Amino acid sequence: MLRIGVFGGVYSNPYALRALLDDAEARGCDELYCLGDLGGFGAECDAVWPLLTEAGVHTIAGNYDIAIGRGDEDCGCGYADERDNHFAQLMYDFTRANTSPAFAAWMRELPGELRREIEGVDVHMVHGSPLVVNDFLWESLDDEELALRVRGDGIHQPAGLLLCTHTGIPWQREVAGTLVVNVGVIGRPANDGRTEGWYAVIELEDGAVRAQLVPLAYDWRAHAASMRAAGLPEPFVETVETGWWTTCLEIVPPAERARGAYHVYREAMPMGFAAAGAGWADAPQPADDGRPVVSLFGTALFPPRLWVYSNFHCNLACDYCVVASSPRARRRELPAWRFRSLVDEALREGFTELYLTGGEPFVHPEIVEMIEYACDRMTTVVLTNAMLFTGRRRAELARLAGRSTLTLQSSIDGACAATHDRWRGAGSWAKAMDGLRYAAGLGLPLRVAMTETPDNRGEVEELRGALAGLGIAGEDFAVRPLVQRGFAAEAGAAGAMQVSDAVMVPELTITADGAHWHPVGGDLESSPDFLVARGEVSLAEAKRRVVERFLTLRQADGSLPEAFHCAV
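What comes next is a walk through the structure. (Residues numbered from 1 in each chain as written. Predicted model: local features only at pLDDT ≥ 70, side-chain atom pairs only at ≥ 80, totals over all residues. Heavy atoms only, no water.)

### Some points on the overall build of the protein chain
Spelled out, the test is: Secondary structure elements follow DSSP: runs of H or I of four or more residues count as helices, runs of E of two or more count as strands, with numbering from the N terminus. By definition, residues are in contact when any of their heavy atoms lie within 4.5 Å. Note on areas: these come from Shrake-Rupley sampling with a 1.4 Å probe, and a residue is covered only by the protein chains present in the view. Residues counted as positive are Lys and Arg, residues counted as negative are Asp and Glu, and His and the chain ends are not counted. Throughout, a charge is located at the NZ atom of Lys, the CZ atom of Arg, the CG atom of Asp or the CD atom of Glu.
Per the secondary structure count, the protein chain includes 17 helices and 21 strands. Within the protein chain, contacts between residues at least 6 apart in sequence are counted, and of these 71% link residues at least 24 apart. Here the protein chain has roughly 21800 Å² of accessible surface; of this, 49% comes from carbon and sulfur atoms. Charge separation in the protein chain, taken as the distance between the mean sites of 50 positive and 79 negative side-chain charges, equals 8 Å.

See the structure below:
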């Protein structure tokens, strides 16, 4: 058996290269191969050269080495976005100015690839792909796309083992009879929140291959200090110290980018959102912390607001209900223990608001205990039709009085019973107004949203005046459009607006069925396109999937979704 160590992306990081040489020796590697990109990112350009030669590392040229060797004006990294290229140029200019002519001349003589038979295995080593040196072989490429790259020029037979780097993120997969191993890079982290780099240890014997991706610990503090002392931009240093990429993000596909801490360039963030006739206080804009990039979560693009459907059955069957709730709706109820775990997880994941909705939450037998648990820990809004504040529930509601973190939000769809009841059922307006008066008497903060229908468009100001008498005024009252989902879609409600994940900012929503893009799509039957993950899934994973889908949708035409808000 022959064991080889294969690595890429040294990136002017002698600290990682020394650690690699020691680690590979300890793992019994018989030979070492470097797949290129010796410079860039780090500060000590010439320091890696003697380490490679003294250790007898077989080295091929990456795009950086070709560019430095020829004296090109840019690195030829393969970026398409001007912001990616801006940061790439900063590093390339530094590397070019700090690489000796002798080292550049040595790089000029490096081969562009290696192909040889090792222990009965046809091994092909490249920097990017067999097609081109700066091709990005991402893990998220499907098998068909990957197979095209594995086949290369179509003239030579694909190898049994293809080794590559360039993307900076390690992975391995067998495609069309070829084991493809992206060995990662050692010179900077893999956008995984770890300070280690990565390389591969390959075992070959009698035509068989086994590949192991290995994390490489090194003195990253010394490397960061070296970069800072050289005056390199702070975002590059931060990546070394935190393990998260802060530059050159637009080239990264949605699946890989969603796993990172940062997702878009700050300058690409819109200043705010508006949806005609509906809205609430804007989500906080990201603080200007000096980074060129931001996370989507916690911004206007992905507010830190968690929606939870306690249940879907309801005492009403409103004609426009977006999630088709009714007394006969399929029973989907979150048990109290599951709700409590969601609240705890929401706090850990950085959510700042919880919106509890249904169905009608107050038909849930444990709803008051659930509300108490939530509002003792975070800002909580409960969406209710306010019609069930009678009997036992009336007394239980009084337990919630005096909680500053709790708000009740209800829907009143007209200034009189006739307008409201036409969509919500006979007698519902009077009962809802009675419920609001009782809650107001308890001192509970209240909000009201009016869903605009063909019948109530002329009653907005009259309703606004009536609600002011209950202390509901200003931003605590809003008008929202009718949405063609759920019952409204079935009824073909006139004027109802079409919505989809492509035109809506995500607001993570949890139901008994799974995680959803937005609360208007919380019903699996009528809005399967809004499903993010089926069944119980962690909020961390649900957030990642939302970000991935958002980036995919955004990249389709370069635009960003608009905000549609269900609450005040």
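### A short note on the pattern of salt bridges
As a reminder of what qualifies: When a carboxyl oxygen of Asp or Glu lies within 4 Å of a side-chain nitrogen of Lys or Arg, that pair is called a salt bridge. Between buried and exposed lies partly exposed: a residue is buried under 20% and exposed over 50% of the maximum accessible area for its type, with that area taken using a 1.4 Å probe on protein chains only.
Counted under the stated rule, the structure contains 42 salt bridges. In this structure, the salt-bridge partner of Glu 203 is Arg 210, at a minimum N-O distance of 3.2 Å. A salt bridge links Arg 305 to Glu 353; the shortest N-O distance between them is 3.0 Å. Remark: Glu 353 occurs in strand β14 (residues 353-357) and Arg 305 occurs in strand β13 (residues 305-309); sequence separation between them is 48 residues. A single burial state applies to Arg 305 and to Glu 353, both of which are buried. Salt bridges linked by common partners bring Asp 81, Arg 83, Glu 250, Arg 257 and Arg 554 together as one network.

### So, the environment of Ser 310
Inspection of the secondary structure assignment puts Ser 310 in the loop between β13 and α10 (336-348). For Ser 310 and Arg 332, which are 22 residues apart along the polypeptide, the C-alpha to C-alpha distance reads 8.1 Å. The residues touching Ser 310, leaving out its near neighbours within four places in the chain, are Arg 332, Glu 333, Leu 334, Leu 356, Thr 357, Pro 361, His 364, Ile 367 and Met 370.

### With respect to the packing of helix α3 (residues 63-70) against helix α4 (residues 82-97)
Using the following cut-off: Axis definition: a line fit to C-alpha positions, over the contact stretch in the case of helices; interaxial angles, taken between N-to-C directions, run 0 to 180 degrees. For classification purposes, an angle smaller than 35 degrees is called roughly parallel, one larger than 145 roughly antiparallel, one from 65 to 115 roughly perpendicular, and anything else oblique. Left-handed describes a crossing whose near helix is turned anticlockwise from the far helix by less than a right angle; the clockwise case is right-handed.
Packing of α3 against α4 leaves a shortest axis separation of 11 Å and a crossing angle of 50 degrees. Taken as axis vectors, α3 and α4 run oblique relative to one another. Both α3 and α4 take part in a crossing whose hand is right-handed. Across from Tyr 64, Ala 67 and Ile 68 in α3, the residues of α4 making contact are Ala 88, Met 91, Tyr 92, Thr 95 and Arg 96.

### Some details on the pairing of strand β7 (residues 171-175)
Definition in use: Two strands make a pair as long as DSSP finds a minimum of two bridges between them.
Relative to strand β8 (residues 178-182), β7 runs antiparallel, the two being bridged by five bridges. Of the residues in β8, the one forming a bridge with Glu 174 is Leu 179. The antiparallel pairing of β7 with β8 creates a hairpin that spans two residues between the two strands, and Ala 176 there sits at a positive phi of about 50 degrees.

### Side note on the nonpolar core
For clarity, the cut-off: Nonpolar cores are built from buried Ala, Val, Leu, Ile, Met, Phe, Trp, Tyr and Cys residues. Side-chain atoms within 4.5 Å join them into one set.
With 82 residues, the main nonpolar core has Leu 306, Phe 362, Ile 371, Phe 477 and Leu 508 as its most contacted residues. Looking at this core element by element, the count peaks at seven residues for helix α11 (residues 367-375). In this structure, Phe 7, Phe 136, Cys 164 and Met 227 belong to the second largest nonpolar core, which totals 71 residues.

### Topic: the state of the cysteines
We apply this condition: The term disulfide is used for any two cysteine sulfur atoms that are within 2.5 Å.
Per the stated rule, a full pass over the model turns up one disulfide. For Cys 75, the disulfide goes to Cys 77, at an S-S distance of 2.2 Å. Residues Cys 75 and Cys 77 are joined by a disulfide whose S-S torsion is about -135 degrees; by sign, that bridge is left-handed. A single burial state applies to Cys 75 and to Cys 77, both of which are buried. Cys 34 provides the cysteine sulfur closest to Cys 164, a residue in no disulfide bond, and the two sulfurs are 13 Å apart. No disulfide involves Cys 248; its nearest neighbouring cysteine sulfur is the one of Cys 77, lying 7.3 Å away.

### Re helix α7 (residues 220-229)
Threshold: The directions from the helix axis to the C-beta atoms are what the arc is built from.
Taken together, the buried positions of α7 are Trp 220, His 223, Ala 224, Ser 226 and Met 227. Down the axis of α7, the buried set is contained in an arc of 160 degrees. They therefore lie on one face. Exposed and oriented more than 90 degrees from the buried face of α7 are Arg 221 and Ala 229. On its buried side, α7 packs onto α1 (14-26) and α8 (234-242). Backbone geometry just downstream of α7 places Gly 231 in the positive-phi region, at approximately 80 degrees.

### Let's talk about the packing of aromatic side chains
Convention followed: Paired rings are identified among Phe, Tyr and Trp, the last through its six-membered ring, by centres lying within 6.5 Å, and are further divided according to the angle between planes into stacked (under 30 degrees), edge-to-face (over 60) and tilted (the rest).
Counted according to the given criterion, the structure contains 16 aromatic pairs. Considering the side-chain rings of Tyr 79 and Phe 136, the 6.2 Å spacing of their centres and the 25 degrees angle between planes classify their relative orientation as stacked. With Tyr 79 in the loop between α3 and α4 and Phe 136 in the loop between β5 (121-125) and α6 (143-151), the pair connects residues that are 57 residues apart, well separated along the chain. Accessibility classification places Tyr 79 together with Phe 136 in one group, the buried group.

### A few points about the environment of Gly 40
Tracing the chain through its elements places Gly 40 in the loop between β2 (31-34) and α2 (48-54). Sequence-distant contacts of Gly 40, that is, excluding residues within four places in its chain, are made with Tyr 11, Ser 12, Tyr 64, Met 91 and Thr 95.

### Observations concerning the sheet that holds strand β4 (residues 114-118)
Backbone hydrogen bonds hold the strands of a sheet together, and the pairing may be parallel or antiparallel. Read across the sheet, five strands follow the order β4-β5-β6-β8-β7 without closing on themselves; strand pairing throughout is mixed. The open sheet is flanked by β4 and β7, the only strands paired with a single partner. Taking each pair of neighbouring strands and ignoring which way they run, the sheet shows an average axis angle of 20 degrees. For β5 and strand β6 (residues 161-164), the ladder comprises three bridges, and the chain directions are parallel. By the bridge assignment, Val 123 is partnered in β6 with Leu 161.

### Let's talk about the pairing of β5
Operational definition: With the strands pointing away from the viewer, any crossover whose connection runs clockwise from the first strand over the helix to the second is right-handed.
With four of its five residues buried, β5 lies for the most part within the structure. Here β4 pairs with β5 via five bridges, running antiparallel. Looking at β5, one finds that Arg 116 is bridged to Val 123. Where β4 folds back onto β5 in an antiparallel hairpin, the turn is made up of two residues, including Glu 119, whose phi is positive at roughly 50 degrees. Since β5 and β6 lie parallel, the crossover through α6 that links them has a hand, and here it is right-handed.

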